[in-house]
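Chain residues, written in single-letter form:
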Amino acid sequence: MTGLHDMQAMVRDAVFETDTQNPALRAISEHIEPSEGMSSEEHVLVYRRAILGTLVRALGNIFPVGKQLLGEQFFDGMARRYVQETPSRSSDLANYGASFSEFIAGFGPAAELPYLPDVARLEWYWHRAFHAADEVAMDPGSLSAVSAGDTGRIIFHLPVSASLISSDFPIHRIWAVNQQEWAGDTAIDLDEGGMYGMVWRQQYDMRIDTFDEPVWTFLNAVAARTCFGKMSESGIAGDLDTLLPRCVQRGWIAGFDLA
Amino acid sequence: MSRFIDKPVAGAGIGLRSTHYQTIIENQPKVPWFEVLTENYFGDGGLPLHFLEKVRADYPVTLHGVGMSLGSADSLDRDYLARLKALAARIEPTYVSDHLAWISVDSRFVHDLLPLPYTEEALANFAAHVREAQDFLGRRLLIENPSSYMGYKETDMTEWEFLQELVVLTDCDILFDVNNVYVSGTNHGFDPIEYLHALPKGRVKEIHLAGYEEQNNYLFDTHGYRVHPPVWDLYQATIEYLGPIPTLIEWDNDIPPFETLLDEAGLAQRVLDSMDAAA
């Protein structure tokens, strides 16, 4: 008699198997009752279709621009391969798809769209920001409470919802022209250059902000928890006197603590 | 927010879906309660929780989950339970429910409700998980009968016997899904009325209604249609047998305008009212 764990493992293996000979499907079907009009295998296949369909749809919801760029049929086929190869390790379906961008980068048939992995990364960051914790914007006045002797110890924070992203392609524009509400020209010159940006949520407002290289360098130093004194000494972040107020004012800096 | 805490829900409620947040918040429709899908609010913050709290300020809410995987041979996911407990503390739901099913094995999640072989081993495992979850959450769970599309040769009791035993072993309550029992009965060839009459009266705290889809050789539970006539008949029989149990209209695919859901809820309410009138 097959125990509960082994039975469940057999069902799972049959759902995700890629072997066209279907050995796992045949193995679990030994344990499944046939019914009028349906063989044991057909009963199991109902679940295979439903489960793969659910996961493919979930990816389509997280990566709508990727789906738009590839077309539904191509996207769904690619997503199905990802689903078969990539176990979901969380009970929360919203955590599924973190490695989809990497998978796309290695997926030969999608190589024609070299910007696609970066677009997918952007969409994943968007998805994470959408569900991130709520946060109150930083009060710029709070910085003046830090005594002059302590300013070097300040460690700034990005918003908790924020992900920094850079690409050799104008992915923020590719993203924008593929939104349903976009009414303008959808042509994009890939040679117009790459981008530095941050995906985040300002209260309930989802944002993809882009900026120049000095801001990018500064915000990366912030993300790495580099203290203000060290930034000033090393000059890694350029002209801090203008960068800092600009970043605070835009909301890209959400708070600070002292090292 | 606490005014509904000790008041059980009553009447015909509606499953809350994100497409309807705005219309509900703006128009405050006359709906006795809303049910939400637990895992949709497991994020740390953002709009979903914001809207849920707005709705909760005006309506009782129940939490309905698909992620507890109570039937899995794996041990229970403590992180899941902690999130659920935190959400329940924030939303103060009238009921917390999940399914007679498993969705994971060896920590790999399939994100679909898979049926169990109804064996003594599966029962002992399921009961231990329900007890553990109830102890952790500090509240009773409602367990829902699933729609199923396969049965195991190893099964040696009926689903309703399994549920009856489960209630005895864990003191849990039942969420009776009338559509699911119709779908499973058709797929497996049992009589839904026999199932209904085996339910421990007094333990069914909530009822679900939804629409299925007809495939070639079986019925598939898509929650994408109006409730079908034979399910309404079975619902009528259910209410006559169990009394006016709070009933929920579920719709998850091809979600229609809110008015359609109000319409369906109105039909269920009429059945509930006819019982009140007869009483």
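Residues numbered from 1 in each chain as written. Chains lettered and ligands numbered in written order. Predicted model: local features only at pLDDT ≥ 70, side-chain atom pairs only at ≥ 80, totals over all residues.

Colleague: Where do I start with the overall build of chain A in this structure?
Modeller: Of the regular secondary structure elements, chain A holds 11 helices and five strands. Relative to its length of 259 residues, chain A is extended, with a C-alpha radius of gyration of 24 Å against a globular reference of 18 Å. Projecting the C-alpha coordinates of chain A onto the three principal axes gives extents of approximately 80 × 45 × 30 Å. Taken across its 259 residues, chain A has 35% of its residues classed as buried. (Helix = DSSP H or I, 4+ residues; strand = E, 2+ residues; numbered from the N terminus. Rg over C-alpha atoms; globule rule 2.2 N^0.38 Å. Buried ≥ 20, exposed ≤ 12 C-beta atoms within 10 Å, placed from the backbone.)

Colleague: Explain the pairing of strand β2 (residues 34-37) of chain B to me, please; I cannot follow it from the model alone.
Modeller: Regular strands have side chains that alternate between both faces of the sheet. All names here are of chain B. Pairing of strand β1 (residues 12-15) with β2, which is carried by two bridges, proceeds in the parallel orientation. Bridge assignment links Ile14 to a residue of β2, and that residue is Phe34. Once you follow β1 into helix α1 (residues 21-27) and on to β2, the crossover reads as right-handed. Here β2 runs beside strand β3 (residues 61-64); their pairing, made up of four bridges, is parallel. Across the sheet, residue Val36 finds its bridge partner in β3, namely Leu63. What joins β2 to β3 is helix α2 (residues 47-56), and the crossover it makes is right-handed. (Pairing = 2+ DSSP bridges. Right-handed = clockwise from strand over helix to strand, strands pointing away.)

Colleague: Looking at this structure, I do not really get unusual backbone geometry. What am I missing?
Modeller: One can expect most non-glycine residues to show negative phi and most peptide bonds to be in trans. Residues and elements named next belong to chain B. A positive phi angle, near 50°, is found at Asp106, a position not held by glycine. Along the chain, Asp106 turns up in the loop between β5 (102-105) and β6 (108-114). Given 12 C-beta atoms within a 10 Å radius, Asp106 is considered exposed. For Asp171, which is not a glycine, the phi torsion comes out positive at approximately 65°. By the secondary structure assignment, Asp171 is in the loop between α5 (159-170) and β8 (173-177).

Colleague: Please explain helix α7 (residues 116-131) of chain A as it appears in this structure.
Modeller: The periodicity of an α-helix, 3.6 residues per turn, causes residues three or four positions apart to be oriented the same way. In a regular helix each residue adds 1.5 Å, so 16 residues correspond to 22 Å; α7 of chain A covers 23 Å between its end C-alpha atoms and thus fits that length. Within α7 of chain A, 14 of the 16 residues are buried, leaving the element largely enclosed by the surrounding structure. (Expected span 1.5 Å × (residues − 1).)

Colleague: Is there a simple way to think about the nonpolar core in this case?
Modeller: In globular proteins that are soluble, nonpolar side chains generally tend to be buried together. The biggest cluster of nonpolar side chains holds 136 residues, and the ones touching the most others in it are Ile143, Val178, Leu209 and Ile249 of chain B. For this core, the element with the most residues is α7 of chain A, which contributes eight residues. Looking at which domains feed residues into this core, each of domain 1 (1-113) and domain 2 (116-259) of chain A gives three or more. Beyond its immediate stretch of four places on either side in the chain, Ile143 of chain B contacts Asp98, Leu100, Val130, Leu166, Cys172, Ile174 and Leu175 of chain B. (Core = buried A, V, L, I, M, F, W, Y, C linked by C-beta atoms within 7 Å. Domains from an automatic or database assignment. Contact = placed C-beta atoms within 7 Å.)

Colleague: Just checking my understanding: could you explain the confidence of the model for chain B for this structure?
Modeller: Caution applies to low-pLDDT regions: their predicted coordinates should not be interpreted in detail. Residue and element names in this part refer to chain B. Across chain B, the average pLDDT comes to 94, with 96% of residues at 70 or higher. Contacts of residues 1-6 to residues separated by more than four positions or lying in other chains number seven contacts, the stretch itself having pLDDT below 50. Both scores are given for the predicted complex: the pTM is 0.93, the ipTM 0.94. (pLDDT = per-residue confidence, 0-100.)

Colleague: Please explain helix α5 (residues 72-85) of chain A as it appears in this structure.
Modeller: Residue and element names in this part refer to chain A. When the terminal C-alpha atoms of α5 are compared, their 20 Å separation across 14 residues agrees well with the 20 Å that a helix rising 1.5 Å per residue should span. Residues Phe75, Met78, Ala79 and Val83 constitute the buried set of α5. On an axial view of α5, the arc spanned by its buried residues comes to 145°, and they lie on one face. Exposed and facing more than 90 degrees away from the buried side of α5 are Gln73 and Glu85. The secondary structure elements touched by the buried residues of α5 are α3 (40-62) and α4 (64-70). (Arc of directions from axis to C-beta.)

Colleague: Can you help me understand the domain arrangement of chain A in this one?
Modeller: As a measure of interface size, the accessible area lost when the parts come together is often cited. All names here are of chain A. One can read the domain layout of chain A as domain 1 (1-113) and domain 2 (116-259). Here the C-alpha centroids of domain 1 and domain 2 sit 36 Å apart. Counting from both sides, the interface comprises 15 residues of domain 1 and, opposite them, 11 residues of domain 2. Of all elements in the fold, only α4 and α6 (100-105) reach the threshold of two or more residues within the side of domain 1 that touches domain 2. Split by residue class, the side of domain 1 that touches domain 2 holds 11 nonpolar, four polar and no charged. (Nonpolar A, V, L, I, M, F, W, Y, C, P; charged D, E, K, R; others polar.)

Colleague: Where do I start with the sheet that holds β3 of chain B in this structure?
Modeller: All names here are of chain B. Pairing in this closed barrel of eight strands is parallel, and the strands run β1-β2-β3-β4-β7-β8-β9-β12 around the ring. Ignoring strand direction, the axes of neighbouring strands in this sheet form an average angle of 30°. Summarising the sheet, strand β4 (residues 96-99) and strand β7 (residues 142-144) pair through three bridges and their orientation is parallel. In the strand pairing of β7, His99 is matched with Glu144. (Axes fitted to C-alpha atoms, helices over the stretch in contact; angles between N-to-C directions.)

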